Structures are given as structure tokens and as C-alpha cells.
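Secondary and tertiary structure notes
What follows is each chain in one-letter form.
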Amino acid sequence: MKILVCVKQVPDTNEVKIDPVKGTLIREGVPSILNPDDANALEAALQMKDRDPEIVVDVITMGPPQAGYMLRECLAMGADHAYLLSDRAFGGADTCATSTTIAAGIKKVGDVDLIFAGRQAIDGDTAQVGPQVAQRLGLPEVSYVQHYEVKGNAVEVQRQLEDGYEVLEVQMPCLLTCVKELNTPRYMSVGSIVDAYQKEITVWNHEDVELDPRDCGLNASPTQVFRSFTPPQKGKGEMLSGTVEEMAGKLVEKLAEKHLV
Ligand SMILES: Cc1cc2nc3c(=O)[nH]c(=O)nc-3n(C[C@H](O)[C@H](O)[C@H](O)COP(=O)(O)OP(=O)(O)OC[C@H]3O[C@@H](n4cnc5c(N)ncnc54)[C@H](O)[C@@H]3O)c2cc1C
């Protein structure tokens, strides 16, 4: 059985700060990390491999050459092979073009029984890529997976909802997008980090995955970002004074002024 995990290198958004004077994002020194939901997706695949060592776990990403560092981290966690889709032609992609390229890469990997992706990437934040990849490959897809169990040729999945979960059964091959409640990702060991640097990363360009440059990257992106800006800082907080009744009265007045009550 072959499992493929879609992983993305993202800036650690916990480390991104806003310059209080200029109001711009401070990006210097912000580390790049494996997208958190993707770590859960990889952990899910590795737990299956722990139970059955015959299972092959591969990882795939589309990104610049630096994404190779994140792939090494995945290899050090226990992945068998890593694929990097990297080409100038893939640059400037929106989610539509990103998923076209990733699907082309998955086709080239071939014979995949189960595909895992994260629910959402913490930078783009759209949660669109997983379902779009499944659609491009003509595969069934379940998003927000918080628990799953393989039963023969099918997977029984708990899909997270706002106030509970639903249980679905889906035939393999299929794509599942994972949430953080699924598991706790493992750490890399020192030995596995050393081993990861001995492994090769397969790098593919648009020709390797049989994509015309007109069908990927900016050229194939129906959406374009016109402007990006830092949201304005929230106004100062205000302290109310007086007796409890007076403060409650002032609070209600202020809420009414803002049409909140
Ligand atoms: C209108 C628009 C224009 C954009 N223009 C640019 C641009 O010019 N340059 C640029 O760099 N980015 C651009 N982006 C961002 C780019 O589209 C996204 O980073 C990318 O498509 C992934 O979307 P996301 O981050 O929302 O991922 P999500 O859909 O939130 O990710 C869900 C899951 O999909 C998988 N996944 C997502 N991306 C990848 C990947 N690259 N490789 C492997 N797996 C992945 C992961 O498993 C991830 O957890 C643009 C986005 C939009 C909406």
C-alpha cells in the first residue's frame, strides 16, 4: 500500500509581528516550518506504517528549492521518499493552479492508495487545495478528518463538524484532509536526521509532470491578488468608572451607539 502526503512549507505565522509604527509585517528572521496540519497528516500515515512496515509513505510538495529542507524534516520523521515540484513556471499560482500541479505530480508518482493533506495552510489559509487535488484526480475526498480506520478497501472516517462529527465510509483510493485533533506529530531523532540527509529528493519541473507552462503558475490562475495590506490596529480599550450600576448603564449605552444591542 502506498500513501502520499501533501506537505507545504510555510512561514511560522506565530512569529510574524506587526511593526507598530509603520503598520507593516515584520518578516525578517521568521522561520519556515512544515505546515502544522500537514505534520498531523504525515503522522497519520506514519502510524499506519508503524503497524505495517510494508506500507510506503511518500511526501510531495510544490515550492521553491528551499522547500527541500522541510522535505528532509519529513524524511527524518519517517517518510520513505520525497518529491519536490519546483519550476519558475509554477510560481505565482493561486489554489487552482497549485492543485493542478500537485495533481500532475501525484499522477506521476502513480499507484497511490491513500492521499493525506492538511485541512489548511497557515499562510494562504484557504483550505481549498486538498479538495481541488481530489477533484482533479477524480477521487472521493473527505475534509476535516479527526479520526479514521482502514477497513479493507475502504476508510471509515470521522469528519469534524462545529458541534460534533459525522461518520462516513469512503472507498480507496481517496484523499483525506486532516485536522490537528487527529494525533500528536512525532519528533525527529538525531539518527533519523542524519539518515534523512543521505536520502535523495526527487525534483520535477513542468516537463517532468507533463504540464504546459500555460496550464500552471500565474498563467493558469483565475484569481489574482490586487493589493495586500496589514489590517489596522484595534482602537484603544476604554475603562469605565463608577458604581456597578453606572458602569453597566454606560456599557449598554456604548453598545447601543455601535448598534451591537
Ligand atoms: C488570489 C491568490 C493569488 C496568489 N498568488 C500567489 C503568488 O503570486 N505567489 C505565491 O507564492 N502564492 C500565491 N498565492 C498563494 C497560493 O495560492 C497558496 O499558497 C497555495 O495555492 C496554497 O493555498 P493555501 O496556502 O491556501 O493552502 P490550503 O488550501 O489552505 O492548504 C491545504 C492543504 O493543501 C496542501 N497544500 C497546499 N499547498 C501545497 C503545496 N504548495 N504543496 C503541497 N501541498 C500543498 C497541504 O496539505 C495543505 O495543508 C495566491 C493565493 C491566492 C488566493
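The coordinates are above.
The shown structure was predicted, so the numbers you read here are calculated from the model rather than taken from an experiment. (Residues numbered from 1 in each chain as written. Predicted model: local features only at pLDDT ≥ 70, side-chain atom pairs only at ≥ 80, totals over all residues. Heavy atoms only, no water.)

**Remarks on helix α6 (residues 244–257)**
Across its 14 residues, α6 extends 20 Å between first and last C-alpha, which sits within 8% of the 20 Å expected from 1.5 Å per residue. After α6 finishes, the residue H259 shows a positive phi value of roughly 55°. (Helix = DSSP H or I, 4+ residues; strand = E, 2+ residues; numbered from the N terminus. Expected span 1.5 Å × (residues − 1).)

**So, the packing of aromatic side chains**
Within the structure shown, the criterion is met by two aromatic pairs. The ring of Y197 has R72 lying over it, and the distance from NZ or CZ to the ring centre is 5.2 Å. (Phe/Tyr/Trp six-rings, centres within 6.5 Å; stacked < 30°, edge-to-face > 60°. Lys NZ or Arg CZ within 6 Å of the ring centre and 35° of its normal.)

**A closer look at helix α4 (residues 129–137)**
Looking only at α4, the buried set comprises G130, Q132, V133, A134 and L137. Against α3 (95–109), β8 (114–118), β9 (141–151) and β12 (174–178) lie the buried residues of α4. A positive backbone phi angle near 70° is found at G138, which sits one or two residues after α4. (Buried < 20%, exposed > 50% of the residue type's maximum accessible area, 1.4 Å probe, protein only. Contact = heavy atoms within 4.5 Å.)

**Brief notes about the packing of α3 against α4**
Put simply, α3 and α4 touch, their axes get as near as 8 Å, and they point 55° apart. Considering their axes alone, α3 and α4 lie oblique with respect to each other. Here the hand of the crossing between α3 and α4 comes out right-handed. Across from T95, C96, T98, S99, T100, I102, A103, I106 and K107 in α3, the residues of α4 making contact are V129, Q132, V133, R136 and L137. For the contact of α3 with α4, a count of residues per class yields seven nonpolar, five polar and two charged. (Axes fitted to C-alpha atoms, helices over the stretch in contact; angles between N-to-C directions. Parallel < 35°, antiparallel > 145°, perpendicular 65-115°, else oblique. Left-handed = near helix turned anticlockwise from the far one by under 90°. Nonpolar A, V, L, I, M, F, W, Y, C, P; charged D, E, K, R; others polar.)

**Points about the pattern of salt bridges**
It is possible for side chains bearing opposite charge to pair when their charged atoms get close. Enumeration over the complete set of coordinates arrives at 10 salt bridges. Among the ionic pairs, K49 bridges to D80, the shortest N-O distance being 3.0 Å. In this pair, K49 sits in helix α1 (residues 36–51) while D80 sits in the loop between α2 (67–77) and β7 (81–85), placing the two residues 31 residues apart along the sequence. Judged by its relative accessible area of 19%, K49 falls in the buried class. Between E166 and R159 there is a salt bridge whose closest N-O contact spans 3.5 Å. Among the residues examined, E166 registers a relative accessible area of 30% and is labelled partly exposed. (Salt bridge = Lys/Arg side-chain N within 4 Å of Asp/Glu carboxyl O.)

**Details of the pairing of strand β11 (residues 164–171)**
Bridge count for strand β10 (residues 154–161) against β11 is eight bridges, and the pairing is antiparallel. Across the sheet, R159 pairs through a bridge with E166, a residue of β11. Once β10 ends, the chain turns through two residues before running back antiparallel as β11. (Pairing = 2+ DSSP bridges.)

Note that every value here comes from positions in space, so none of it alone points to a role or purpose.
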